[in-house]
Amino acid sequence: MVESWVGSMSRLLPRAIREGGHEFTFLTRDLHHYLRSAPEGTAHPLLGARHVITADTNDTDALLPEIERLHAVLRFDGVLTSCDYYLPAVARIAARLGLPGAAPEAVEAACRKDATRRILAEAGVPGPRFAVHEEWADLSRAADGIGYPLVVKPVDLCGGMYVRRVDDEEQLAACVRELAAFPVNARGQRRAPAVLLEELLDGPEVSVETVSHAGTVQVVGVTDKSIGGAPAFIETGHMFPAALAADDAEAAGRTALAALEALGLTDGVVAHTEIKLTSAGPRVVEVNPRPAGNRITELVRHVTGVDLAAAFVEVSLGREPDLRGGDTGLRSAAVGFLVPETSGTVESLDDGGLGAAPGVLEVGLPGPGRQVSAARSNNEYLGHVMAGDPAGLGARARVEALLDELRSGLVIR
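Residues numbered from 1 in each chain as written. Predicted model: local features only at pLDDT ≥ 70, side-chain atom pairs only at ≥ 80, totals over all residues. Heavy atoms only, no water.

**Q** Help me understand the overall build of the protein, please; the structure alone is not making it clear to me.
**A** Scanning the protein from terminus to terminus reveals twelve helices and 17 strands. For a compact globule of 413 residues, the expected C-alpha radius of gyration is about 22 Å, and the protein comes in at 21 Å, within 12% of that figure. Overall, the C-alpha framework of the protein stretches about 55 × 55 × 45 Å when taken along its three principal axes. Counting over 413 residues, the protein shows a buried share of 53%. Residue pairs in contact within the protein that sit at least 24 positions apart in sequence constitute 69% of those at least 6 positions apart. Entry remark: accessible area of the protein is about 17900 Å², with carbon and sulfur atoms responsible for 49%. Distance between charge centres in the protein, computed from 39 positive and 56 negative side chains, equals 2 Å. (Helix = DSSP H or I, 4+ residues; strand = E, 2+ residues; numbered from the N terminus. Rg over C-alpha atoms; globule rule 2.2 N^0.38 Å. Buried < 20%, exposed > 50% of the residue type's maximum accessible area, 1.4 Å probe, protein only. Contact = heavy atoms within 4.5 Å. Areas by Shrake-Rupley, 256 points an atom, 1.4 Å probe, with all protein chains shown as cover. Lys, Arg positive; Asp, Glu negative; His and termini not counted. Charge placed at Lys NZ, Arg CZ, Asp CG, Glu CD.)

See below:
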């Protein structure tokens, strides 16, 4: 395992490896990055690794021969990561060691939003009109050609960072300046200076969760998404399965499959493909060649019994995953996030005994003294609530009602 996120996947992936009867070596450039995130009084799950090795995971060229030397001793059977910024390095390592996985060029293209756009456009997979430039004069002209309002995106960040709606040239210029002032990502990797401009698409957004093995891609299901925080695009909640007509769900699935085929992500990948269901039909927003974050993976397991983290482990070992699932007693599950609108310190939060409320599956809330910042991406959540519905598609409404109660008891000074 080369690095990881510090959120729920840092628990899910080690657990899936252990429950599958496997062991893992953890490679990181900064172990303290993970130890700082461990809940007080508990050991971080990544410390369950058989070996923890420090290496410069940001220098892939230097890392490859070092991992070859480790491989000669430890004999790895697979390589994976849950962190977007290390997916290309993992693909190169797998190829170098002759281990299962998608082709490095396919993963690299999926991890670069501009490359994804070009490949999908050439393959005829529907998406927004777009342009990619570095210089202001080119960006200004391209924006006029696409037409305002439009969406500005970095080509190599994740979590919704610096993705903004802009309505005029003044707002565009401000976004471009803001991006230029962020030249290095959170893992110390230098960013590409290119800026992606896209047509603003109408309609609701969903994601298609898929598993690819041996040239076959299976759709596990479609998740819906709620968005807030304008002009940013912050994911405020999800429900699985999405409350869609069968035709819309099938169209979203077909579009995701076409995107994965065009990119060459048909083996060794658990993917999370985001789709806009526009008035003109489904349009690809982006393709993520890793399991869904934001607790979508847990929602899928609660409803279907399919463990996407376990599937990720198995396809990374070149094995056919078990996607049969089973009856879990739930027809839908949803998660909603507390998104702070102001910066400050949490003074109090009355949860009203939320954890024991009917249908609640999971609660994560901050205690007094927590420092918070007004959210500008998916990285500033204050907490979350997850609930299930055994009767139908009522999980989202249940979560939203619970969040309304929490907000009324939240005091930030």
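**Q** Which parts of the structure should I look at to understand the side chain of Thr 81?
**A** Structurally, the position occupied by Thr 81 is in the loop between α3 (60–74) and α4 (87–97). Given a relative accessible area of 0%, Thr 81 falls into the buried group. Among the polar contacts made by the side chain of Thr 81, one reaches the main-chain carbonyl oxygen of Val 2 at a distance of 2.6 Å. Within polar-contact distance, the side chain of Thr 81 engages the backbone nitrogen of Cys 83 at 3.1 Å. Contact partners of Thr 81, with chain neighbours within four places excluded, come to Val 2, Glu 3, Ser 4, Tyr 86, Leu 87, Val 90 and Phe 312. (Polar contact = N/O pair within 3.5 Å; in protein donor to acceptor, adjacent residues only side chain to side chain.)

**Q** Help me out: how do you make sense of helix α7 (residues 136–146) in this one?
**A** In an α-helix, one turn spans 3.6 residues; hence positions three or four apart end up facing the same way. Listed in full, the buried residues belonging to α7 are Leu 139, Ser 140, Ala 142, Ala 143 and Ile 146. Around the axis of α7, the buried residues are gathered within 165° of arc, so they sit on the same side. Every exposed residue of α7 that faces more than 90 degrees away from the buried side is listed here: Arg 141, Asp 144 and Gly 145. In the core, the buried residues of α7 are packed alongside β3 (130–133), β4 (150–154), α8 (169–180) and β6 (195–199). At the exit of α7 stands Gly 147, carrying a positive phi of roughly 100°. (Arc of directions from axis to C-beta.)

**Q** Could you clarify how one ought to interpret the side chain of Arg 283 in this entry?
**A** Tracing the backbone through its elements, the reader meets Arg 283 in strand β11 (residues 281–288). Buried within the structure, Arg 283 lacks any salt-bridge partner; its nearest side chain of opposite charge belongs to Glu 199, at an N-O separation of 6.4 Å. Within the structure, the side chain of Arg 283 is placed 3.3 Å from the backbone oxygen of Ala 280, a separation counted as a polar contact. Apart from the residues within four sequence positions on either side, Arg 283 is in contact with Pro 126, Gly 127, Leu 201, Glu 274, Ile 275, Lys 276 and Thr 278. (Salt bridge = Lys/Arg side-chain N within 4 Å of Asp/Glu carboxyl O.)

**Q** Honestly, the packing of α7 against α8 in this entry has me stumped. Any pointers?
**A** In helix packing, the relevant descriptors are the interaxial angle and the interaxial distance, both defined with respect to the helix axes. Put simply, α7 and α8 touch, their axes get as near as 11 Å, and they point 140° apart. As judged from the angle between their axes, α7 and α8 are oblique. As α7 packs across α8, the resulting crossing turns out to be right-handed. Counted together, Trp 136, Leu 139, Ser 140 and Ala 143 of α7 and Glu 169, Leu 172, Ala 173 and Val 176 of α8 form the full contact between these two elements. Residue composition of the contact of α7 with α8, by class: six nonpolar, one polar and one charged. (Axes fitted to C-alpha atoms, helices over the stretch in contact; angles between N-to-C directions. Parallel < 35°, antiparallel > 145°, perpendicular 65-115°, else oblique. Left-handed = near helix turned anticlockwise from the far one by under 90°. Nonpolar A, V, L, I, M, F, W, Y, C, P; charged D, E, K, R; others polar.)

**Q** What's the story with a negative patch on the surface in this structure? I'm lost.
**A** Among the surface-exposed residues, Asp 144, Asp 168, Glu 169 and Glu 170 lie close enough to one another that they form a single negatively charged patch. Counting through the fold element by element, Asp 168 comes out in the loop between β5 (164–166) and α8. (Patch = residues over 30% accessible without salt bridge, like charges linked within 9 Å, V, L, I, M, F, W, Y side chains within 5 Å.)

**Q** Before we go on, may I ask you to explain the sheet that holds strand β13 (residues 344–349) in this structure?
**A** Here we have three strands laid out as an open sheet, ordered β15-β13-β17, and antiparallel in their pairing. Whereas interior strands pair on both sides, the edge strands pair on one side only; in this sheet they are β15 (371–372) and β17 (410–412). In terms of strand pairing, β13 meets β17 through three bridges, oriented antiparallel. Directly across from Leu 349, in β17, lies its bridge partner Leu 410. (Pairing = 2+ DSSP bridges.)

**Q** What exactly am I supposed to notice about the packing of aromatic side chains here?
**A** One pair of aromatic rings is described through two measures. These are the centre distance and the angle between the planes. Here the structure, examined in full by the defined rule, presents four aromatic pairs. When the centroid spacing of 6.0 Å and the interplanar angle of 65° are considered together, the rings of Trp 5 and Tyr 85 count as edge-to-face. Here Trp 5, found in the segment before α1 (9–19), pairs with Tyr 85, found in the loop between α3 and α4; they are 80 residues apart in sequence, far enough to count as distant. With a centroid separation of 5.1 Å and an interplanar angle of 80°, the aromatic rings of Phe 26 and Tyr 34 are classed as edge-to-face. Tyr 34 matches Phe 26 in its accessibility class, with the two residues each being buried. (Phe/Tyr/Trp six-rings, centres within 6.5 Å; stacked < 30°, edge-to-face > 60°.)

**Q** I'm lost on the state of the cysteines in this one. Help?
**A** The term disulfide refers to a covalent linkage connecting the sulfur atoms of a pair of cysteines. Applying the stated criterion across every chain yields a total of zero disulfides. With no disulfide of its own, Cys 83 lies 6.4 Å from the sulfur of Cys 158, the closest cysteine sulfur. On the basis of relative accessible area, Cys 83 is assigned to the buried category, the value being 0%. Free of any disulfide, Cys 175 has its nearest cysteine sulfur in Cys 158, 18 Å distant. (Disulfide = S-S within 2.5 Å.)

**Q** So what exactly am I meant to see when it comes to the UniProt feature "domain: ATP-grasp" (unreviewed entry) in the protein here?
**A** The UniProt record marks residues 117–317 with the feature "domain: ATP-grasp" (unreviewed entry), using the residue numbering of this structure. Along residues 117–317 one finds 33% helix and 32% strand; the C-alpha atoms at either end are 29 Å apart. (UniProt positions renumbered as here; feature names shortened; annotations may be inferred.)

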